[in-house]
Amino acid sequence: MNTTACSLLKNCWKFDFLWIIHKQWFISSFHSLDFKRKYLETKMRKNQRGSESRVTEGKDPVKNTNSNIAVVIIAFIAICTMYSMKQEQICSKEKKPLVCVWTIETHNKGHLQHVYDLFERLGYQTTDDIDSDWDVLWTHDDPFSNETLDMKLRNLKPHQRVNKMPGVNLYVTQKMMLSVIGSAYIPKSFHFPQQQEEFNKYTMDNPDKLFVEKSIHHHGGVSIKSVDEVGKHPDETFVQEYVSNPLLIDGRKFDIGVYVVVASLDPLRVYALDGDVVFRFCAKPYEPFNSSILAKYVIGSEHYPVWKVQEIQQYLELSYEYKEAFETHIRSIGRDPGTIWKQIVSAIQHVFVERLPNLMIPKYKMYKHIKRSFFELMRFDFIVDKDFKIHLLEVNMSPNLSSTQYSHNSIIYDQILFSTLSLTGISSFFNPSFQGERRANEMMVAKRNVMVYPELCLKCADCSLSECQLCEPCLTDELLDEIKAAYRENKNQYRFKRVFPPRMTQEDANSGISSRYDNVITIETRLMYRWFQGKCLLDASFC
């Protein structure tokens, strides 16, 4: 047997058991035959001494015994070959899916420990070889800015999944590009030197405003400046209006980190973690305010942890989640925390709807298998002011998921990652030999599970009508695949909740698509929106 076959056999426990049995049988048979051969040889020598004229009749017993040994050896080799082939089939069926974890910081992967641990628990093998035949690529850094890796991502196999999405890194998580959207939820921003004139006009009506100046190309260097101090150096920068009346808890400014997963850009499907959020507090109390002390208003890596905040701590000690403890505190001061979450959902929707048609989708469509391959986990950071208005400060492309510094966050990071892999279907990975199999896919969702508007579809006879596009005779294979993906996401979202298409009541589902999305969403997204409305009318879990 060759070394590959032997290695395969040793790695399969079923053969190990059979190996032991047949090994003992072979040894016993060999010893039995060896004893018989020696006995016959002794007897033959005695007969020869007793009568030289007498010749043993029949076949030579020694040759006959050797033939028997040869038969045993040949039979054993045949058995080994048979089991080798069988075990090769078994082992191939037991092949583990492969995840490639890629980061520029190859010498220090401690910040990805939760990622490694989760994939191991899900039965994945891990590699850092980008050229391997991986099933999932998890990257901490932007893979599209790496020329070699970007070329690979343009030709993915249908089953491969990547945790980054083309276009998002350019138009959402890039700070300056995000800040100039012009959303009501994003503080007023200006890009220097290009928007110097717009800045001058704005500050003529708001001369007392303060601004936070940030570098476009580098982290850090944040500082508060007055109108007269802004734009006084030649470097390319942008400034953002400073929120001067932040809501304080225990005398400290804080931000709220909301984890968001983009499952698809066209049609647009976005989910936000509903079960919990992350709170970070400034290292120093806000009052008395001093703009030269950054720790009073900038939340850095050495932030003050939420479990040490006295007004929140009492609830956390009773094992409540961060979000529940925060909501309880807000209600204790006579305010409704629901107003915060409604604004946050609206802000997330606005970012993607405003960025989609002309910016992200052209970049998105440059890649093969775009509708199946890419998803993205990110974190939206908000602050709340004293009027309970929220302000979106930035979106993080690769949010912190390391509990090395703050071990209390270990549980929430595990749940964020597990929820993400559940939502995207990665945690229920089909063996490669069954990927693409119709029966396997229909176990999760079949066409009969996604059909909507039965009264309308019974009467539809013209596929050119937009209202008939979701009916069985008019439904394209491409749109059907997207609808099935949306169905699976809805069933597997775990701690995530859908942000877009918007969640709705069954009464809302009857009213049609909101006019606020007219001319800003694609035809595919409009059809997906309408499908969720139709499914909501049939099944409240899709509302």
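Owing to the predicted nature of the structure, the values given are computational and were not obtained by experimental measurement.

Caption draft 1: Structural view of unusual backbone geometry. Of note, the bond from Phe192 into Pro193 is cis; its omega dihedral lies within 30 degrees of zero at 5 degrees. Mapped onto the secondary structure, Pro193 falls in the loop between β5 (189–192) and α8 (196–205). Cis peptide bonds are those with omega within 30 degrees of zero, and the linkage from Asp266 to Pro267 qualifies with 5 degrees. Residue position: Pro267 is located in the loop between β10 (252–265) and β11 (268–273). Despite not being glycine, Ser319 has its phi angle at roughly 70 degrees, a positive value. Note that Ser319 resides in the loop between α9 (310–316) and α10 (322–332). Classification of Ser319 by relative accessible area gives exposed; the value is 67%. With a phi close to 55 degrees, Tyr494 is a non-glycine residue in the positive phi region.

Caption draft 2: Structural view of the pattern of salt bridges. Evaluated as defined, the whole model comprises 15 salt bridges. Asp274 is the partner of Lys323 in a salt bridge, and the nearest nitrogen-oxygen pair spans 3.5 Å. With Lys323 in helix α10 and Asp274 in the loop between β11 and β12 (278–281), this pair connects stretches of sequence that are 49 residues apart. Relative accessible area serves as the criterion here: at 11%, Lys323 is assigned to the buried category. Here Asp274 falls in the partly exposed class, since its relative accessible area comes to 32%. The salt bridge partner of Arg280 is Asp381, with a shortest N-O separation of 3.7 Å.

Caption draft 3: Representation of the nonpolar core. Formed by 120 residues in total, the largest nonpolar core has its most connected members in Trp138, Ile256, Phe279, Ile348, Phe352, Phe380 and Trp531. Looking at this core, the element that brings in the most residues is helix α11 (residues 338–364), giving 12 residues. With sequence-adjacent residues up to four places away left out, Phe380 is seen in contact with Val172, Ile256, Gly257, Val258, Val260, Ile348, Val351, Phe352, Leu392, Glu394 and Val395. Phe190, Phe211, Val227 and Val239 belong to the second-largest nonpolar core, a separate cluster that totals seven residues.

Caption draft 4: Here's a closer look at the side chain of His303. Counting through the fold element by element, His303 comes out in the loop between β12 and β13 (304–305). Contact partners of His303, with chain neighbours within four places excluded, come to Arg280, Phe281 and Tyr406.

Caption draft 5: Broad picture of the packing of helix α4 (residues 113–121) against helix α13 (residues 410–423). Where α4 contacts α13, the axes come no closer than 10 Å and their chain directions differ by 55 degrees. Classed by the angle they form, the pair α4 and α13 counts as oblique. In this structure, α4 meets α13 at a crossing whose hand is right-handed. Along its contact with α4, which presents His114, Val115, Leu118 and Phe119, the element α13 presents Ser410, Tyr413, Asp414, Leu417, Phe418 and Leu421. For the contact of α4 with α13, the per-class residue count stands at seven nonpolar, two polar and one charged.

Caption draft 6: Spatial organisation of the packing of helix α17 (residues 477–492) against helix α19 (residues 523–538). Between α17 and α19, the least distance of the axes is 11 Å, while the angle of their chain directions is 50 degrees. Our classification of the angle between α17 and α19 gives oblique. Between α17 and α19 the crossing geometry is right-handed. In this structure, α17 uses Leu479, Glu482, Ile483, Ala486, Tyr487 and Asn490 to contact α19, whose residues at the interface are Leu527, Met528, Trp531, Phe532 and Lys535. Its residues placed into classes, the contact of α17 with α19 shows eight nonpolar, one polar and two charged.

Calculation notes
- Residues numbered from 1 in each chain as written.
- Predicted model: local features only at pLDDT ≥ 70, side-chain atom pairs only at ≥ 80, totals over all residues.
- Heavy atoms only, no water.
- Helix = DSSP H or I, 4+ residues; strand = E, 2+ residues; numbered from the N terminus.
- Buried < 20%, exposed > 50% of the residue type's maximum accessible area, 1.4 Å probe, protein only.
- Salt bridge = Lys/Arg side-chain N within 4 Å of Asp/Glu carboxyl O.
- Core = buried A, V, L, I, M, F, W, Y, C linked by side-chain atoms within 4.5 Å.
- Contact = heavy atoms within 4.5 Å.
- Axes fitted to C-alpha atoms, helices over the stretch in contact; angles between N-to-C directions.
- Parallel < 35°, antiparallel > 145°, perpendicular 65-115°, else oblique.
- Left-handed = near helix turned anticlockwise from the far one by under 90°.
- Nonpolar A, V, L, I, M, F, W, Y, C, P; charged D, E, K, R; others polar.

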